Structures are given as C-alpha cells and as structure tokens.
Amino acid sequence: MSYSTADSLRPVTLDDVRGAQKMLSGVARVTAMEGSRHLSQMVGAPVHLKCENLQRTGSFKLRGAYVRIAGLLPEERAAGVVAASAGNHAQGVALASALLGVRSTVFMPKGAPLPKVSATRDYGAEVRLHGQVVDETLAAAQEYAAETGAVFIHPFDHPDIIAGQGTVGLEILEQCPEARTIVVGIGGGGLAAGIAVSVKALRPDLRIVGVQAEGAAAYPPSLAAGRPVTVENPATMADGIKVGRPGDVPFGIVGELVDEVRTVSEDELSAALLLCLERAKLVVEPAGASPVAALLSRPGSFEGPVVAVLSGGNVDPVLMQRVLRHGMAAQGRYLAVRLRLTDRPGALATLLGVLSVVDANVLDVSHVRTDPRLGLTEAEVELHLETKGPAHCAEVGQALREAGYTVMG
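Residues numbered from 1 in each chain as written. Predicted model: local features only at pLDDT ≥ 70, side-chain atom pairs only at ≥ 80, totals over all residues. Heavy atoms only, no water.

Caption draft 1: A look at the overall build of the chain. Within the chain one finds 16 helices and 13 strands. Seen along its three principal axes, the alpha-carbon backbone of the chain occupies a region of about 80 × 50 × 40 Å. Every one of the 409 residues in the chain was classed for burial, and the buried ones make up 57%. Summarising the internal contacts of the chain: among those between residues at least 6 apart in sequence, 74% fall at separations of at least 24. Here the chain contributes 37 positively and 43 negatively charged side chains, and the mean placements of these two sets differ by 3 Å. (Helix = DSSP H or I, 4+ residues; strand = E, 2+ residues; numbered from the N terminus. Buried < 20%, exposed > 50% of the residue type's maximum accessible area, 1.4 Å probe, protein only. Contact = heavy atoms within 4.5 Å. Lys, Arg positive; Asp, Glu negative; His and termini not counted. Charge placed at Lys NZ, Arg CZ, Asp CG, Glu CD.)

Caption draft 2: Representation of the packing of helix 9 (residues 190–202) against helix 11 (residues 248–257) within the structure. Packing of helix 9 against helix 11 brings their axes to within 9 Å, and their N-to-C directions diverge by 50 degrees. With respect to helix 11, the element helix 9 is oriented oblique. For the pair helix 9 and helix 11, the crossing hand works out as left-handed. Note on element contacts: helix 11 touches helix 9 through Pro250, Ile253, Val254 and Leu257, opposite Gly190, Ala192, Ala193, Ala196, Val197 and Lys200. Its residues placed into classes, the contact of helix 9 with helix 11 shows eight nonpolar, one polar and one charged. (Axes fitted to C-alpha atoms, helices over the stretch in contact; angles between N-to-C directions. Parallel < 35°, antiparallel > 145°, perpendicular 65-115°, else oblique. Left-handed = near helix turned anticlockwise from the far one by under 90°. Nonpolar A, V, L, I, M, F, W, Y, C, P; charged D, E, K, R; others polar.)

Caption draft 3: Layout of the environment of Ser311. Along the chain, the position of Ser311 falls in the loop between strand 10 (306–310) and helix 14 (317–330). For Ser311, the contacting residues outside a window of four places in its chain are Glu52, Asn53, Gly58, Ser59, Phe60, Leu191, Ala287 and Gly288.

Caption draft 4: Quick look at helix 3 (residues 61–70). Counting buried residues along helix 3, ten of its ten residues qualify, which places the element largely inside the surrounding structure. The elements touched by buried residues of helix 3 are helix 1 (14–24), helix 4 (74–79), strand 3 (81–84), helix 5 (88–100), strand 6 (151–153) and helix 8 (159–175).

Caption draft 5: Expanded view of the side chain of Arg245. Structurally, Arg245 is set in the loop between helix 10 (219–225) and helix 11. The exposure class assigned to Arg245 is buried, which follows from its relative accessible area of 13%. Reaching out from Arg245, the side chain makes a polar contact with the side chain of Asp248 at a distance of 3.0 Å. (Polar contact = N/O pair within 3.5 Å; in protein donor to acceptor, adjacent residues only side chain to side chain.)

Caption draft 6: Summary view of the packing of helix 3 against helix 5. With their axes 8 Å apart at the nearest point, helix 3 and helix 5 run at an angle of 45 degrees to one another. The pairing of helix 3 with helix 5 is recorded here as oblique in orientation. Considering how the two elements wind past one another, helix 3 and helix 5 form a crossing that is right-handed. Contacts between helix 3 and helix 5 pair Lys61, Leu62, Ala65, Tyr66, Ile69 and Ala70 from the former with Asn88, His89, Gly92, Val93, Leu95, Ala96, Ser97, Leu99 and Leu100 from the latter. Split into classes, the residues belonging to the contact of helix 3 with helix 5 amount to ten nonpolar, four polar and one charged.

Caption draft 7: Local environment of the pattern of salt bridges. Applying the stated criterion across every chain, the model contains 15 salt bridges. Ionic pairing is found between Glu171 and Lys50, a salt bridge with its closest N-O pair at 2.7 Å. Here Lys50 lies in strand 2 (residues 47–51) and Glu171 lies in helix 8, a separation of 121 residues in the sequence. By the burial criterion, Glu171 is buried, and Lys50 matches it. Note that Glu126 and Arg128 form a salt bridge whose closest N and O atoms lie 3.0 Å from each other. Arg128 sits in the partly exposed class, given a relative accessible area of 34%. (Salt bridge = Lys/Arg side-chain N within 4 Å of Asp/Glu carboxyl O.)

Caption draft 8: View of the packing of aromatic side chains. Within the structure shown, the criterion is met by two aromatic pairs. Relative to Phe251, the ring of Tyr219 lies with its centre 6.1 Å away and its plane at 35 degrees, an arrangement referred to as tilted. Pair noted here: Tyr219 is in helix 10 and Phe251 is in helix 11, with a separation of 32 residues, a long-range link. Classification of Tyr219 by relative accessible area gives buried; the value is 0%. Across the ring face of Phe302, the terminal group of Arg262 is positioned such that the distance to the ring centre comes to 4.4 Å. (Phe/Tyr/Trp six-rings, centres within 6.5 Å; stacked < 30°, edge-to-face > 60°. Lys NZ or Arg CZ within 6 Å of the ring centre and 35° of its normal.)

Caption draft 9: Quick look at the pairing of strand 11 (residues 334–342). Alternating positions in strand 11 separate cleanly, Leu335, Val337, Leu339 and Leu341 being buried on one face and Tyr334, Ala336, Arg338, Arg340 and Thr342 remaining unburied on the opposite face. As defined by bridge partners, strand 11 adjoins strand 13 (residues 378–386) across nine bridges and the pair is classed as antiparallel. Note that in strand 13 the partner of Leu335 across the bridge is Leu385. (Pairing = 2+ DSSP bridges.)

Caption draft 10: The arrangement of the sheet that holds strand 10 in detail. An order of 1-2-10-7-8-9 is seen for the six strands of this open sheet, with the pairing classed as mixed. Two strands bound the open sheet, and with one partner strand each, they are strand 1 (33–35) and strand 9 (260–264). Strand-to-strand twist of the sheet, defined as the mean angle between neighbouring strand axes without regard to direction, takes the value 25 degrees. Bridge count for strand 1 against strand 2 is three bridges, and the pairing is antiparallel. Looking at the pairing, Met33 lines up with Lys50 of strand 2. In the packing of helix 8 onto the sheet, contacts are made with strand 1, strand 2, strand 7 (181–185) and strand 10, and the angle to strand 2 comes to roughly 140 degrees.

Caption draft 11: Layout of the nonpolar core. Core analysis: the largest hydrophobic core is formed by 63 residues, its most contacted members being Ile69 and Ile195. Not counting residues up to four positions away in its chain, the partners in contact with Ile195 are Gln165, Gly166, Val168, Gly169, Ile182, Val184, Lys200, Ile208 and Val309. (Core = buried A, V, L, I, M, F, W, Y, C linked by side-chain atoms within 4.5 Å.)

Structure below.
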C-alpha cells in the first residue's frame, strides 16, 4: 500500500533543499557537531556526532514538517493537518502547526512512549491513539484525512519532507567539509534520502551508509527486490525507525544515492545508547543511536572522517532504564548466576563473602526452597551482579567454582 500524495512523484533537488534551508532559518536550530575521541580511537579515524537530538522537539523531524506545512495553500491550511507517528514526527508536526497557526490532529500507536504523547499534546495537537505499529497508524490518519479534508502530512514519503530533512546534509558539509562518510539511521527513509540528495549533489565522492534495526529492516529486501516490500510485524526497541515498509519517494532516492544499508542488533543498539550517555554525555533514543551501533559493530569498515547523525533524543525514561540494563549486560557489566547451596544458617553469608573478595556488587538475590528438583536440605539461589566487563565475569565464575559451587547459569 502506498501512502504517497499525488505530487510526491516529483523529484527532490538540491535547489529544493536550499530553499528549505532558507525557510527554516530562525525556526530549526543549526545543531552542534561534536567530536568523539572514544569512537575515533575505535574507528581509527575522526568521528563526529551530528546532534539532532538537540534539535527543537528533540529530533530532526521539525525540519521536514515545517517545510511541508509552510508550503500548503491558504485553503489547505484552513482545513487543518493530520499526521501519524510514533512520536518524533508527531512533535514536529505539532510544533510546526502551532508556529504556522494551523490546526493539527496526530495519530500515534497505542504503545507510543508517554513522554512523546504528552509533548505532542503540549505543542497543541489533538492526539488520537490507534494501531500497534506506525503502518497501522498511518492508515488511520489517511482515513481521517479522507473523511475530514485535513491535509495528510506524511512522516517521510513526500518531497517537501525530504527537502526539509536534507538541510541536515547541508549543515554537515558546512560543519565538517572534510567528511568522507555519513552514517544515518533509516526508518521510512526520509532523512537518509534528504541527506543523500543534498550531499551527493555537492560531494558525490562522500559515502553514505544507512542503518536499520535487524528486526525492522525493510530496506535490504526492498533494495534486493527493486521495489518497496513490507516486513511483517517489525520488532525493535528503536521505535523511531520501526517502519515496516519504505516510502515510495525515499526508496527511489536511497536506492540511487545511498551507498550501503546495514543492520544492527538490539544488543548493539543498547551498547550504542549507553556509549552516547557515558562517553559523549548525550541522551539519545535507540533510533538516534543506530549509526553509533553500526560503528561499534564494524569499526574498521568506515573511511574517515565519519559523521554519525544522532537523529533524536526523545527516549522514554522507562525504556532508558531497560536499555541501559540491556546495554550493560551486553558489555558484560551485569551477570546473572544460579547455583545451589546447603540450606543452613550462614550459607548465604559465605557465598556473599566469596563475591566480595572478587569485588562483584550484588544487585539482587532470590531464594528458591520449594522446587521439587531440590533436595531436602538444598536451596537454589539466583544472583544478579554488577561486574566490570567480560574478564571480570569470568573471574567471578572461576571464584565460585573454586569455592565448590556448581554454577548453573
């Protein structure tokens, strides 16, 4: 199913992006470009972070939304606009509409992070929750547009949206003219397509690498098939790039101008988010951290200087907690072990003494005494430990075994 509007077949040009840049002057921030010494050491070349997580509304989405709505005819503005989004486009449309004096209605998935829902309402939009994934929400918003006459503002499948997002590419070339590679996350493809249009027109030698989450990677099979195909039930913590089907307009641009599309795992996304927080002191949502995840997964495969686009920072605090735990576990900084011991006074204290010697911090302890697999005098203990990395995990396991414990997991 295509969600494109009738005029979305027109090409997007460098002049369109430059016009969008003028339109966004004083509206969108020229976001910072920060160097990362840690990533540079890993990659073996300078790495810079384009901080769209610090953009107004917390992501790049304001750029495209404002350009699209500003280009509407007076009678179209009077009818209002409707959008569908997991959160970032929702906030971009809501703020752009408020700035331009246009009424906005935004459909969001039922599982959209509460901070994104709340922020969208605070910017003045009417929010309606519908569907489980963005594709279902898109269909509901289009139905609403057909019924009410409101103008549908697609999150990625329109030339004006792509032109607005392309202004990120112009800023990258101004801030880091020596760049050799740009790494950018891909959901529907609007940001990658916009950056590709602007960058390749001025620097055709500059390599652009797109990144998708493994569980929601519609671009690799689509590029192989030569047409957009749908990935059923996309699943990833990176809700900002959780899109089951590429947009028709960005797909053509990505296929022509983006050099490569890679995928990253949930573990790599977690580790990337943790790295951004610990090393760069930047709050980044999983979708925004996807370029960093790609750098972590294959650091030696990028020609530098490299620019990684941190596309958004709107992360649910509850998700942040889970992701940070997941990221620390992926780095070997959490360890869960199960073992059996004699159920007698002092047995647990003895066990904790062994862990204290190897400097493992105990976060949680649970006892099981009633499992039929256990002997009459046995207890099973599950421990959650904070450790210092894979080598320390191995040291903890070895210490437990030397103390006579059978470690089961």
